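Breakdown of the fold
Each chain, written out:
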Amino acid sequence: QVQLQESGPGLVKPSQTLSLTCTVSGGSITANYYSWAWIRQPTGKGLEWMGTIDYSGNTNYNPSLKIRTSISRDTSKNQFTLQLNSATPEDTAVYYCATDPPGGILYGYWGQGTQITVSS
């Protein structure tokens, strides 16, 4: 069974870079099965897809976030990461990593999520 675990700081200051790591077990991020996604949910709002990295390291981003977003990976650790530059309070949300299988992200495996607050 694929399991994902997000980790990172709970508090980020405005203008700083928000950095998160997703550690994957039970499956390889280099396997030709899934893309690996970051999704967030601001308090009281819906889910927002941020982007993916596939088994070859190719990335796709939400156009509204692309200029600030970078997704990368460390295959030796079976991890993939999220960096969101120039954080603002509007970036406060629960951040999830997940698989993106055929059928869509909602049918994939999700981490528990981690709360990130952007505040001075």
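Conventions we followed
- Residues numbered from 1 in each chain as written.
- Predicted model: local features only at pLDDT ≥ 70, side-chain atom pairs only at ≥ 80, totals over all residues.
- Heavy atoms only, no water.
- Helix = DSSP H or I, 4+ residues; strand = E, 2+ residues; numbered from the N terminus.
- Areas by Shrake-Rupley, 256 points an atom, 1.4 Å probe, with all protein chains shown as cover.
- Lys, Arg positive; Asp, Glu negative; His and termini not counted.
- Charge placed at Lys NZ, Arg CZ, Asp CG, Glu CD.
- Disulfide = S-S within 2.5 Å.
- Buried < 20%, exposed > 50% of the residue type's maximum accessible area, 1.4 Å probe, protein only.
- Pairing = 2+ DSSP bridges.
- Axes fitted to C-alpha atoms, helices over the stretch in contact; angles between N-to-C directions.
- Core = buried A, V, L, I, M, F, W, Y, C linked by side-chain atoms within 4.5 Å.

A tally of helices and strands in the chain yields zero helices and ten strands. Order of helices (α) and strands (β) in the chain, N terminus to C terminus: β-β-β-β-β-β-β-β-β-β. Here the chain displays about 6300 Å² of accessible surface, and carbon together with sulfur accounts for 47% of that area. Here the chain contributes 7 positive and 7 negative side-chain charges, whose respective centroids are spaced 6 Å apart.

It is worth spelling out the state of the cysteines at this point. Considering all chains together, one arrives at one disulfide under this definition. A sulfur-sulfur separation of 2.1 Å characterises the disulfide bridge that pairs Cys 22 with Cys 97. Judged by the torsion about the S-S bond (70°), the Cys 22/Cys 97 disulfide is right-handed. Taken together, the residues span a long stretch of sequence, with Cys 22 in strand β3 (residues 18–25) and Cys 97 in strand β9 (residues 93–100) at a distance of 75 residues. Assigned by exposure class, Cys 22 and Cys 97 land together as buried.

Below, the discussion takes up the sheet that holds strand β8 (residues 79–84). The strand order β1-β3-β8-β7 describes an open sheet built from four strands, whose pairing is antiparallel. Of all the strands in the sheet, just β1 (3–7) and β7 (69–74) have a single pairing partner and so form its edges. Pairwise comparison of adjacent strand axes, ignoring direction, gives a mean angle of 20° for this sheet. Here six bridges tie β7 to β8, and the two strands are oriented antiparallel to one another. Considered in β8, the bridge of Arg 73 is made with Phe 80.

The next thing to look at is the nonpolar core. In this structure, Leu 4, Val 24, Trp 36, Trp 38, Phe 80 and Tyr 95 are the most contacted members of the largest nonpolar core, which totals 24 residues. Taken together, the elements giving at least two residues each to this core come down to β3, β4 (35–41), β5 (48–53), β8, β9 and β10 (114–118).

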